[in-house]
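Residue-level listing of the chains:
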Amino acid sequence: MFRSISRPILPLLCCAVLTCTHGSAQQNKAHEAAMPSADAVSLDHALAAYDAGNGASAMPELVRLAQKYPGNFPANEALGLLYIDAGSYQQAIPFLRHAAEAAKTNAAAQANLGAAYLQTGDAHLALDPLRKAASLEPKNAEVLSNLGHALFLDKQPAEAAAAFARSADAEPANMDTRYNWALALHQVGKNTQADKALRTIPDADRTAAIESLWGDIAEANGQFKDAATHMQAAVKLNPTEQNIYNLAVEWLRHWTWQPAQDVAQYGIERFPDSRRLMLAKGIAFYGSGHYVDAANTFGALLKLDPENEGYGDLLGKSCSAAGGDDAAQCSTLIAFADKHPDNAKIAVYAAASILHGPGQQNDLDHVQQLLQRAIATDPHLPEAYYQLGVLEQQRLQWQQSVASLKSAIQLRPSYAEAHYRLARAYSHLHQTDLAAKEIALHQQYAQQEKEESDARLKEVTTFLIASH
């Protein structure tokens, strides 16, 4: 009689099934000879009931006999499998272990024990019996697949890849094994080999999981167009929130803003509670220069999670980049800055938002408080000194602004806008030679400022990937 134990379904690995049996007639007879005839007869009746599918009838006698004879293979194996049938994997393990010890050369007994350990989430303990089973039956695809599964979960992906490769060779038609093989190869950075493993899968058998993994592999190989194509295929096959998010991130990685925005919006319509899709949409707005839309998106996220300083930082970046353009959510930034006095960057963003917003003259004292607090918290923040210089120039304090702007430039010599503002101050102070020198420096550093702006944009995209 053949029985099977399936492994637990996990997010990354597709799972196979093990073929199991009570053991050979010769083994059974040897074990039965070691017990009194009455118990041997009882065991025969219990096994017959079990074979007939009447596990409830067999259970009491198997419990008695397995406990009485821990070295009896058929009693312990059958009882262990009955517990597996009932989903009681922890209860099954002691009896499957007894069976494996009693029949050390029985591949199925070793494999059953390994599969049971996998069911309980103990991949490390599964390794020894599965390795024994694989050595006894080196071409058993299911045993090799389970061994690969256990190795992968035990953080041995290179060895897992080797086991999956042998399993795929033994059972070429099993596409789940090929997926697992490619996944393990990808995990150890062998992406060219992983790509080759996936290319052996026929078009008709390519699932969303396969396409999504293939997209990650193509990205790792620098094949960005292929990566997007595979991820689009994954969304088409199965438009889950995860697949849609993966595609949006793929576009964002390469600053393809409009497709990223469209994909994120599509995802939000299907999954309106997905904050990471909202975040992706906000970053797409920011990257494409739609700073007001970005600010409103990040502000909405901050409203959902009022203590999230990451959202606050992104809102601040957007409001600062928006300049004088009105974004309804930028007022939220000011309240957030007041609530988080130790966050110097957000204090600077809030101050800039007020300075460049409408009616700023009524709030200049608030701006000064925010900037002084930012400088006290982080005296090495050039943006704080720069905005303080802007504030002083709005108050026509040209001489004071010189000191503030020099501090900003000392911290960041390539700060193009600070050089421009300093030139204005020198011009108002009738120091024309110094003003001309600062204008020249502004022009010199303008391109470098663009490169630094791109670096900040990369930081925004990285935040999305790292935080989700």
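About the cut-offs
Residues numbered from 1 in each chain as written. Predicted model: local features only at pLDDT ≥ 70, side-chain atom pairs only at ≥ 80, totals over all residues. Heavy atoms only, no water. Helix = DSSP H or I, 4+ residues; strand = E, 2+ residues; numbered from the N terminus. Buried < 20%, exposed > 50% of the residue type's maximum accessible area, 1.4 Å probe, protein only. Contact = heavy atoms within 4.5 Å. Areas by Shrake-Rupley, 256 points an atom, 1.4 Å probe, with all protein chains shown as cover. Salt bridge = Lys/Arg side-chain N within 4 Å of Asp/Glu carboxyl O. Axes fitted to C-alpha atoms, helices over the stretch in contact; angles between N-to-C directions. Parallel < 35°, antiparallel > 145°, perpendicular 65-115°, else oblique. Left-handed = near helix turned anticlockwise from the far one by under 90°. Nonpolar A, V, L, I, M, F, W, Y, C, P; charged D, E, K, R; others polar. Disulfide = S-S within 2.5 Å. pLDDT = per-residue confidence, 0-100. Expected span 1.5 Å × (residues − 1). Polar contact = N/O pair within 3.5 Å; in protein donor to acceptor, adjacent residues only side chain to side chain. Phe/Tyr/Trp six-rings, centres within 6.5 Å; stacked < 30°, edge-to-face > 60°. Lys NZ or Arg CZ within 6 Å of the ring centre and 35° of its normal.

A. Local environment of the overall build of the chain. Helices and strands together make up the secondary structure of the chain, namely 25 helices and 2 strands. Among the 468 residues that make up the chain, the fraction classed as buried is 51%. Put simply, 54% of the contacts in the chain that link residues at least 6 apart link residues at least 24 apart. Carbon and sulfur atoms provide 52% of the accessible area of the chain, an area that totals close to 21300 Å².

B. Examining the pattern of salt bridges more closely. Counted under the stated rule, the structure contains 12 salt bridges. D128 is the salt-bridge partner of K132, the closest N and O atoms lying 3.3 Å from each other. Here the residue K132 and the residue D128 both occupy positions in helix α7 (residues 123-136), the gap between them amounting to 4 residues, near one helical turn. Here D128 falls in the partly exposed class, since its relative accessible area comes to 45%. One salt-bridge network, in which partners are shared between bridges, spans D39, E61, R64 and K68.

C. How the structure looks around the packing of helix α20 (residues 344-356) against helix α22 (residues 382-394). For the pair α20 and α22, interaxial distance at closest approach is 10 Å and the crossing angle is 25 degrees. By the angle between their axes, α20 is roughly parallel relative to α22. The chirality of how α20 crosses α22 is left-handed. Facing α20, whose interface residues are V348, A352, L355 and H356, α22 presents E383, A384, Q387, V390, L391 and Q394. Looking at the contact of α20 with α22 residue by residue, the classes come out as 6 nonpolar, 3 polar and 1 charged.

D. Representation of the state of the cysteines in the model. The tally for this structure, following the rule as stated, stands at 1 disulfide. Here C319 is linked by a disulfide to C330, with a sulfur-sulfur distance of 2.0 Å. Given an S-S torsion of about -105 degrees, the disulfide between C319 and C330 has left-handed geometry. Here the residue C319 occupies a position in helix α18 (residues 309-322), and C330 occupies one in helix α19 (residues 330-339), the gap between them amounting to 11 residues.

E. Local environment of the environment of P94. Considering the arrangement of structural elements, one finds P94 in helix α5 (residues 89-102). For the pair P94 and N76, spaced 18 residues apart in sequence, the C-alpha to C-alpha distance is 8.6 Å.

F. Structural view of the confidence of the model for the chain. In the predicted model, the chain carries a mean pLDDT of 88, and the fraction of residues at 70 or more is 87%. Scored below 50 in pLDDT, residues 1-33 shows 101 contacts in the model against residues more than four places distant or in partner chains.

G. Fine view of the environment of A99. Relative to the helices and strands, A99 is located in helix α5. Measuring from C-alpha to C-alpha, the distance between A99 and P74 comes to 7.3 Å, with 25 residues separating the pair along the chain. Once residues lying within four places of it in the same chain are set aside, the contact partners of A99 are F73, N76, E77 and A109.

H. Spatial organisation of the packing of helix α4 (residues 73-85) against helix α6 (residues 107-119). For the pair α4 and α6, the least separation of the axes is 12 Å and the interaxial angle reads 30 degrees. Between α4 and α6 lies a crossing whose hand is left-handed. Residues F73, E77, L81 and I84 of α4 lie in contact with α6, whose contacting residues are A108, A109, N112 and A116. Along the lines of polarity and charge, the residues of the contact of α4 with α6 split into 6 nonpolar, 1 polar and 1 charged.

I. Here's a closer look at helix α10 (residues 175-187). The first and last C-alpha atoms of α10 sit 18 Å apart over 13 residues, in line with the 18 Å expected at 1.5 Å per residue. By the burial criterion, the buried members of α10 are M175, T177, R178, Y179, N180, A182, L183, A184 and L185. In this structure, the buried residues of α10 make contact with α8 (141-153), α9 (157-170), α11 (191-199) and α12 (208-220). Two or three places before D176, at the start of α10, stands the capping residue N174, its side-chain oxygen 3.0 Å from that residue's backbone nitrogen. At the exit of α10 stands G189, carrying a positive phi of roughly 85 degrees.

J. A look at α4. The end-to-end C-alpha distance of α4 is 18 Å, a good match for the 18 Å that 13 residues give at a rise of 1.5 Å each. The N-cap residue of α4 is N72: its side-chain oxygen and the backbone nitrogen of A75 are 2.9 Å apart. G87 sits one or two residues past α4 and shows a positive phi near 80 degrees.

K. Local environment of the packing of aromatic side chains. Counted under the stated rule, the structure contains 4 aromatic pairs. With centroids separated by 5.9 Å and ring planes inclined at 25 degrees, the aromatic side chains of W255 and W257 adopt a geometry described as stacked. On the basis of relative accessibility, which here comes to 33%, the residue W255 falls in the partly exposed class. For R276, the ring lying beneath its charged end belongs to Y245, and the centroid distance is 4.1 Å. Here the guanidinium or amino end of R412 rests over the ring plane of Y415, the centre of that ring lying 4.0 Å away.

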